[in-house]
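Per-entry structural report
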Amino acid sequence: SGQYLALGITHSLHSTNGSLILVKTDTAGNILWQKEHHLQAQSLTSLINVSGAVELPDGSIAFCGNANGINTDVGQPISTIYSFIGRVDANGNLLWIKRSRYYYWESGYLMKGLIATGSGLMTIVGDGIMKVSQADGTLIGLQKRYASAGVFTSIEKNGNNLAVFSSQMRLDLDTSA
């Protein structure tokens, strides 16, 4: 469409703990719109980064990232890293966002990369792969761990195949199922 979208974290507008900021421009750099979404829950203390984004066929944008927080679910509150995944419409309006802190996400690994596959979104955290629904962010199937792979560093899509990379190996998966 000849337009650009920038996503990031801001601490200067309305939130000292960080907000998601989206800016859409035309090819000349003129701002078409700018949106800020305060994503904090009571247990989150600050946003760290937006680590992946992908434009979907309807013009909406799915994104993922990471935030610091306090885990109050385990008795004594402890610092932890939460990962989040969300979607905005073509005008930057928030459609949904999900905060995640699953069993292997407690390790402090950051969510990295985001790929659209059919009606799902695939992302990696540590040695795990997760697929969620594009429609509402609900988990599709089980999360899968690949401990022998080590920590995943990136994710790529080629047709129906998904390649996930770590410093130790490349893992190829068929996403057509």
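So, how was this worked out
- Residues take numbers from 1 onward in each chain, read along the sequence in its written order.
- Local features in this predicted model are restricted to residues of pLDDT 70 or higher, and side-chain atom pairs are both shown and tallied only at a pLDDT of 80 or more, whereas totals for entire chains, interfaces and linings draw on every residue.
- Water and hydrogen atoms were dropped before computing side-chain values, which therefore reflect all heavy atoms in the structure.
- pLDDT runs from 0 to 100 and stands for how confident the predictor is about each residue.
- Helix and strand definitions follow DSSP, with helices as H or I runs of at least four residues and strands as E runs of at least two, each counted in order from the N terminus.
- Contacts are assigned to residue pairs with any non-hydrogen atoms lying within 4.5 Å of each other.
- Here the rule is simple: two strands pair whenever DSSP picks up at least two bridges between them.
- As a rule, the C-alpha atoms of each element are fitted with a line to give its axis, helices using only the stretch in contact, and angles between N-to-C directions run from 0 to 180 degrees.
- Throughout, nonpolar core names a set of buried Ala, Val, Leu, Ile, Met, Phe, Trp, Tyr and Cys residues whose side chains join them through atoms within 4.5 Å.
- For every residue, the accessible area (1.4 Å probe, protein chains only) is compared with the maximum for its type, and the residue is labelled buried under 20%, exposed over 50%, or partly exposed between those bounds.

A word on the confidence of the model for the protein chain
- In the predicted model, the protein chain carries a mean pLDDT of 79, and 79% of its residues have values of at least 70.
- Mean pLDDT per element in the protein chain: strand 4 (residues 44–55) is the minimum at 77, and strand 13 (residues 161–166) is the maximum at 88.
- In this model, residues 102–106 is a region of pLDDT below 50 whose contacts with residues beyond four sequence positions or in other chains number 23 contacts.

Side note on the sheet that holds strand 3 (residues 31–37)
- The 3 strands are arranged 1-2-3 in an open sheet whose pairing can be described as antiparallel. On the outer flanks of this sheet lie strand 1 (4–10) and strand 3, each paired with one strand and no other. For this sheet, the mean angle separating the axes of adjacent strands, direction not counted, is 15 degrees.
- Direction of pairing for strand 2 (residues 19–25) relative to strand 3: antiparallel, over a ladder of 6 bridges.

Looking at the nonpolar core
- The biggest cluster of nonpolar side chains holds 13 residues, and the ones touching the most others in it are Val54, Leu56, Ala62, Ile85, Leu114 and Leu121.
- Counting residues per element, the ones that place at least two in this core are strand 5 (61–71), strand 8 (111–117), strand 9 (120–125) and strand 10 (128–133).
- Ranked by the residues each element gives to this core, the list is headed by strand 8, at 3 residues.
- Leaving out residues up to four positions away in the same chain, Ile85 has contacts with Phe63, Cys64, Trp96, Ile97, Lys98, Leu114, Leu121, Thr123 and Val132.
- Core analysis: the next-biggest nonpolar cluster, separate from the first, contains 11 residues, Ile115, Ile129, Leu162 and Leu171 among them.

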